[in-house]
Amino acid sequence: MRELDAVVALLVRDLRAFLRSRSQLYSSVVFPLMLLAILGTGVSDGLDPKNIRDYITFLTPGMIVMTALFSSTFSSASYYQDRDSGMLNVLLASPHPQRVVLLGKTLSAVAIGTTQALFVLAVAAVIPPINFEWQYGVAGSLVLSVFAIIVLNFFLSGLGQLLASRIRSMQGFHLVMNLVLFPFLFFSGAFFPLTDLPFWLKVLGRINPLSYGVDMLHLALYADGSSGYFGLPADVAVLTLLAAAVFYAGTSRTVRPDA
Amino acid sequence: MNLSSTVPALLPATPRDAFAVDVRGLTYRYHDRVALDGLTLGVPAGSIFGLLGPNGSGKSTLLGVLIGRRTADSGEVRVLGEPLSDRLRDRVAIVFQEPSLDPMMTVRETMALQARMFALPRREGERETALLLDRVGLSDRADSAASTLSGGMKRRLELARALLTRPRLILLDEPTLALDPESRQRLWQHLAEANDGGCTLLVATNDVHEAERYCQTVALLADGRLVAQGAPADLKRDLRHDAVRIEWKRDAPAGEFPIERWDGVGRVRRAGRFAHATVDDASAFLARLFREHGEGVHGVQIEESTLEDVYFQLVGRGIAPHADGAYP
């Protein structure tokens, strides 16, 4: 109970800091919507991608995943802010095991990433050119979308913690995030269907955890011949198992005394 | 003085529960560097205890071990009579050497987070927060962000945060570093009040004057080892040196008045027209000084020796960064 209270206290603290940081709040939501407007209309009108019936709607799940990606990894970087301000030492000097502190911080990243991704989903749902299919009915598709977003954020926040345990500086953290996660995003089916890719990129797409999140959202929101690349059971199983494993590893890591 | 026998004799003779901190044979290594080298010391419960030594002598490492952030390679540690554990930190607080506040959080939020992390009931936390902020003079800044506070205010907030959970032991790492004299005095006043309430204070410092003035017992550390432990007055009583302050008529380079080379002269620190020398016998030294260099001397003063002098005699080097160079 004491530990739960500590986790909630850390969660509230990070959420409050997030709400106070207006630039983070707005930019993380405006950027994907801007991409959606530019890429969605531009590519759709100018390049006429084959095998995609409605590109802007196809793109929306990818933008939701991108929002989660940016937001939860950015929130994971608050670990460095706490370290540099000395707050991490204070929190670790409390009568709780390290994993309680890491759990509180990681859950904050999950909550922030999930909220922002859901916000993009909500805004996208009312933009006229975007026509969600709601393949499982509105309620069923929404439940599946929310599930996909939450699980994806658990995975990404856990990954952020794991990387933070290996990388000493925030600059290095962002560099690695860009180097690793941008390719992951590009080859996840967020911008173009995996079916259209050459074999070696299909292999990359298959071992890419983000692909399963994008696929799940495509199934829920887009649903045509270019979605459902892996199938719902595979999406749910792979993403849930990966998220559980990475989240556990991220929150169980040891914070080095001189980290 | 026979300091090597002072400390080991102290520990077995004293019941272990009389110590707030009881450390025996503690060793901690940073890779190939030994930070704590078989350290043994006992901090009497209810005391203000100073850990005195230069940077790198092992003070902060010891505090890190006591708060559970570092795991010793060997040795035994008991805090408040118990082996180290997460729950033990319910009764232990720490004020770190570096600032440790979230700049975006307000003073009140900082205290509230501490209260929740230590599972203080909400109303008790709020009541104690109000009392402590009043005590440290921050009531009117309760809703200010920590980033807007002065250095002294930040330190007082950190102290208030440490006191919020009513700890039995507070570890303080260079608590007055970079504070102005007034802020230092205020901080020590608050610390003394906490000690009056029965709280043990373990203060790591390289400020000899503060250690002498405020600590009942001082442990001198060098290279992760205990060099001596005792009350400041006792440690100085055993010192064989007198201390003499010389004011020359003008800037005096060492070559012109080479008193360092004289028999019976220990350490000499110089700064411009001033020199501070530890000597075996002040009378004999002054007689020779006036005989050989009387024309250059503007004035002399026999000073009280300091723990810095004790440390130098035992270790062969000074504590503070300036200790081996200029005399302030």
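Residues numbered from 1 in each chain as written. Chains lettered and ligands numbered in written order. Predicted model: local features only at pLDDT ≥ 70, side-chain atom pairs only at ≥ 80, totals over all residues.

Looking at this model, I keep getting lost on the overall build of chain A. Mind explaining?
Looking only at helices and strands, chain A has eleven helices and zero strands in total. When the helices and strands of chain A are listed from N to C terminus, the series reads α-α-α-α-α-α-α-α-α-α-α. Scaling as 2.2 N^0.38, a compact globule of 259 residues should have a C-alpha radius of gyration of about 18 Å, and chain A matches this with 19 Å. C-alpha atoms of chain A, sized along the principal axes, occupy 55 × 35 × 35 Å. (Helix = DSSP H or I, 4+ residues; strand = E, 2+ residues; numbered from the N terminus. Rg over C-alpha atoms; globule rule 2.2 N^0.38 Å.)

Mind showing me how you'd approach the overall build of chain B here?
For chain B, the helix and strand inventory stands at ten helices and 14 strands. Evaluated residue by residue, chain B yields a buried proportion of 44% over its 328 residues. (Buried ≥ 20, exposed ≤ 12 C-beta atoms within 10 Å, placed from the backbone.)

Honestly, the domain arrangement of chain B in this entry has me stumped. Any pointers?
Often, the extent of an interface is quoted as the loss of accessible area upon association of its parts. If you check the domain split of chain B, you get domain 1 (3-236) and domain 2 (240-304). In this structure, domain 1 of chain B and domain 2 of chain B have C-alpha centres spaced 38 Å apart. (Domains from an automatic or database assignment.)

Explain the confidence of the model for chain A to me, please; I cannot follow it from the model alone.
As a note on interpretation, predicted positions should not be read in detail where pLDDT is low. Averaged over chain A, the pLDDT score is 87; the fraction of residues at 70 or greater is 95%. Model confidence for chain A, summarised as mean pLDDT per element, is weakest for helix α2 (residues 22-46) of chain A at 77 and strongest for helix α11 (residues 232-252) of chain A at 94. (pLDDT = per-residue confidence, 0-100.)

Would you explain the pairing of strand β8 (residues 200-205) of chain B in this entry?
Two faces make up the sheet, and in a regular strand the side chains alternate between them. Residue and element names in this part refer to chain B. Summarising burial for β8: six of the six residues are buried, a large majority. Neither face of β8 is exposed, since T200, L202 and A204 on one face and L201, V203 and T205 on the opposite face are all buried. Of the pairings in the sheet, the one linking strand β3 (residues 48-52) to β8 comprises five bridges and is parallel in character. Bridge pairing links L51 to A204 in β8. Across five bridges, the pairing between strand β7 (residues 169-173) and β8 is parallel. When the sheet's bridge partners are listed, L171 is paired in β8 with L202. With helix α6 (residues 181-196) bridging β7 and its parallel neighbour β8, the resulting β-α-β unit is right-handed. (Pairing = 2+ DSSP bridges. Right-handed = clockwise from strand over helix to strand, strands pointing away.)

I would appreciate a short explanation of the interface of chain B and chain A in the present structure.
Each partner contributes residues to the interface: chain B has 22 residues there, and chain A has 20 residues. Ranked by the residues each element gives to the side of chain B that touches chain A, the list is headed by helix α3 (residues 107-117) of chain B, at three residues. Residues that form the side of chain B that touches chain A fall into these classes: eleven nonpolar, two polar and nine charged. (Contact = placed C-beta atoms within 7 Å. Nonpolar A, V, L, I, M, F, W, Y, C, P; charged D, E, K, R; others polar.)

Would you take a moment to explain the pairing of strand β6 (residues 92-95) of chain B for this structure?
All names here are of chain B. Here β6 shows no split at all, with V92 and I94 on one side and A93 and V95 on the other all buried. Taken together, the four bridges between β6 and β7 define a ladder with parallel strand orientation. Residue pairing in the sheet places A93 in a bridge with I170 of β7.

Even after reading the chapter, I still don't get the packing of helix α3 (residues 55-76) of chain A against helix α7 (residues 137-166) of chain A, so can you show me in this structure?
The geometry of a pair of packed helices is captured by two quantities: the angle between their axes and the separation between those axes. Residues and elements named next belong to chain A. Close contact between α3 and α7 brings their axes to 9 Å; oriented N to C, the two are set at 35°. The interaxial crossing formed by α3 with α7 has right-handed handedness. Across the interface between the two elements, I64, V65, A68, L69, S72, T73 and S76 from α3 touch I149, L152, N153, L156, S157, G160, Q161 and A164 from α7. Grouping the constituent residues of the contact of α3 with α7 by class yields eight nonpolar, seven polar and no charged. (Axes fitted to C-alpha atoms, helices over the stretch in contact; angles between N-to-C directions. Left-handed = near helix turned anticlockwise from the far one by under 90°.)

Before we go on, may I ask you to explain the sheet that holds β7 of chain B in this structure?
By way of backbone hydrogen bonds, the strands of a sheet pair with one another, either parallel or antiparallel. All names here are of chain B. Spatial strand order, β6-β7-β8-β3-β9-β10: six strands in an open sheet with mixed pairing. The strands lining the two open edges of the sheet, one partner per strand, are β6 and β10 (225-230). Across this sheet, the average inter-strand angle for adjacent strands is 15°, counted without regard to direction. Its contacts with the sheet place helix α10 (residues 307-315) against β3, β9 (217-222) and β10, and it is angled at close to 40° to β9.

Is there a simple way to explain the environment of S74 of chain B in this structure?
All names here are of chain B. Within the secondary structure layout, S74 lies in strand β4 (residues 74-79). Its 11 C-beta neighbours within 10 Å are what place S74 among the exposed residues. On a C-alpha basis, the gap between S74 and G152 in space is 38 Å, while along the polypeptide they are 78 residues apart. Leaving out residues up to four positions away in the same chain, S74 has contacts with G25 and T27.

How do you make sense of the packing of α3 of chain A against helix α10 (residues 209-222) of chain A when you look at a structure like this?
Residue and element names in this part refer to chain A. It is the contact of α3 with α10, at a shortest axis distance of 9 Å, that shows an interaxial angle of 135°. By the angle between their axes, α3 is oblique relative to α10. With respect to the hand of their crossing, α3 and α10 are arranged in right-handed fashion. Between α3 and α10, the residues in contact are T57, F58, T60, P61, G62, I64 and V65 and L210, G213, V214, L217, H218, L221 and Y222, respectively. (Parallel < 35°, antiparallel > 145°, perpendicular 65-115°, else oblique.)

Can you help me understand the sheet that holds strand β1 (residues 19-30) of chain B in this one?
Residue and element names in this part refer to chain B. Strand order across the open sheet formed by four strands is β2-β1-β4-β5, with antiparallel pairing between neighbours. Either end of the sheet is taken by a strand with one partner, and the two such strands are β2 (33-44) and β5 (82-83). Bridge analysis of β1 against β2 gives nine bridges, and the strand direction is antiparallel. Bridge assignment links Y30 to a residue of β2, and that residue is R33.

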